[in-house]
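Remarks on the overall topology
Residues per chain, in single letters:
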Amino acid sequence: MNIKRKKLKIIRNGKSYSPKDSPLYKITSKKNLLSIISESPITVELLKNSINDYNIFEDRKNPLKPRTIEKPNPTLDKFHSRIASLLCRIKTPDFIHSGTKNRSHVSNAQVHLKNENTFTTDIKSFFPSTPTKKVFTFFYSTMKCESDVSELLAQLCTCNGHIPTGSRISMPLSYWANHKMFDELSSISNKHKIIMTLYVDDITFTGNNVNKKFINTVRKIITRHGHIMHPTKSIFYPKNSIKIVTGVAIRNEKSLAKNEQHKNLYQDIELLKGFTGKVNIPEKLINRALGRANSLSMIESQFGDKARSLAKEFKT
């Protein structure tokens, strides 16, 4: 008989504290580390054996842009989930909208409704370009762990020399390993009265002082910290133009669903209508249409009515 393994998840327990109050702060020995990241007794040898224990495969959902996924295997997944849970309890700056309660890509976009210049960019290959050395520096310099503990944590939390692309630890650790870069970008933005937000590696700036000189400064900061500003995803939107911020269209200081999102929902609804008598409708199609309607309702409230209507008509 196959026993279904309990799905691991990030557990915050409603906690939010400074780095100094984290259990990860000032870990003085490997023995202390073991007790912090595992509920059951483990050895350093077990910890070391789990390093680089990943299932690595290609995600081809988008055939034009296949992605390498580095998913930790069960034992390593437990350690990553525990460390990610602890990292997610550390307070982050107000400019962050990813991995934050009651925030999303939509709340991120809505910060930029002002009819002023906007610049959007992201970091090219963000996780793969965040090396083990940066993770070590975070645990050693920011969290003040002993060097041997920091080294073990850095090895445990990275895959083939960088932050993995398919672990629960990837998103929170990518911020903390790069927090000095993001803090510097925030500081220069505040200096020029520019609003900055961050959604994983999507960085958005809005303000009348967003101009060529400011963008060049942003590029220099990102480059100095060992990253590359994505050349094809860096877009300047002048005042009075329609802009796209983390997948949300903004026009006349209002957030709107993109035309492509309208089109996808419309096509799904037409497919649903093609089934007569509500017989043999694929559950996957119903759920996809409901998912799209609910997602769009976060941007435009009237889609909430559409989601309820679809659920009433097609869910039995």
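What you see is a predicted model, and the numbers here were worked out from it, not measured in a lab.

1. Structural notes on the overall build of the protein
Along its length, the protein carries twelve helices and nine strands. Taken along the three principal axes of its C-alpha coordinates, the protein extends 65 × 65 × 35 Å. Every one of the 316 residues in the protein was classed for burial, and the buried ones make up 44%. The contacts of the protein with a sequence gap of at least 6 include a subset with a gap of at least 24, amounting to 69%. For the protein, the accessible area works out to roughly 17800 Å², and carbon and sulfur atoms hold 51% of it.

2. Considering helix α12 (residues 302-314)
Its 13 residues give α12 an end-to-end C-alpha distance of 19 Å, which sits within 8% of 18 Å, the value for a rise of 1.5 Å per residue. Along its buried surface, α12 packs onto α10 (259-273) and α11 (283-297).

3. A word on the sheet that holds strand β7 (residues 243-245)
Ordered in space as β7-β8-β9, the three strands form an open sheet in which the pairing is antiparallel. With one partner strand each, in any of the chains shown, β7 and β9 (254-256) form the two edges of the open sheet. For this sheet the average axis-to-axis angle between neighbouring strands, irrespective of direction, equals 35 degrees. Sheet topology places strand β8 (residues 248-251) next to β9; three bridges connect them, and they run antiparallel. Note that in β9 the partner of Ile250 across the bridge is Ser255.

4. What about the environment of Asp77?
Residue position: Asp77 is located in helix α3 (residues 74-87). Residue Asp77 is classed as buried on the basis of its relative accessible area of 8%. When the C-alpha positions of Asp77 and Arg224 are compared, they lie 32 Å apart, and in sequence the two are 147 residues distant. In terms of polar contacts, Asp77 uses its side chain to reach the side chain of Arg168, at 2.7 Å.

5. Remarks on the sheet that holds strand β6 (residues 235-237)
The strand order across the open sheet built from four strands is β4-β5-β3-β6, with neighbouring strands paired in antiparallel fashion. The strands lining the two open edges of the sheet, one partner per strand, are β4 (195-199) and β6. The average undirected angle you get between the axes of adjacent strands in this sheet is 15 degrees. Pairing of strand β3 (residues 118-122) with β6, which is carried by three bridges, proceeds in the antiparallel orientation. Of the residues in β6, the one forming a bridge with Phe119 is Phe236. Lying over the sheet, helix α8 (residues 179-191) contacts β4 and β5 (202-206), oriented at roughly 155 degrees with respect to β4.

6. Observations regarding the pattern of salt bridges
For side chains of opposite charge, pairing can occur when their charged atoms come near one another. Summed over the entire model, instances satisfying the criterion amount to seven salt bridges. In this structure, the salt-bridge partner of Arg168 is Asp77, at a minimum N-O distance of 2.7 Å. On the criterion of sequence distance, the pair formed by Arg168 in the loop between α6 (147-156) and α7 (170-177) and Asp77 in helix α3 is long-range, its members being 91 residues apart. Judged by relative accessible area, Arg168 falls into the partly exposed class, the value being 24%. Measuring nitrogen to oxygen at the nearest pair gives 2.8 Å for the salt bridge that ties Arg103 to Asp94. By relative accessible area, which is 61% here, Asp94 ends up exposed.

About the criteria used
- Residues numbered from 1 in each chain as written.
- Predicted model: local features only at pLDDT ≥ 70, side-chain atom pairs only at ≥ 80, totals over all residues.
- Heavy atoms only, no water.
- Helix = DSSP H or I, 4+ residues; strand = E, 2+ residues; numbered from the N terminus.
- Buried < 20%, exposed > 50% of the residue type's maximum accessible area, 1.4 Å probe, protein only.
- Contact = heavy atoms within 4.5 Å.
- Areas by Shrake-Rupley, 256 points an atom, 1.4 Å probe, with all protein chains shown as cover.
- Expected span 1.5 Å × (residues − 1).
- Pairing = 2+ DSSP bridges.
- Axes fitted to C-alpha atoms, helices over the stretch in contact; angles between N-to-C directions.
- Polar contact = N/O pair within 3.5 Å; in protein donor to acceptor, adjacent residues only side chain to side chain.
- Salt bridge = Lys/Arg side-chain N within 4 Å of Asp/Glu carboxyl O.

What is shown is where atoms sit, not what they do.
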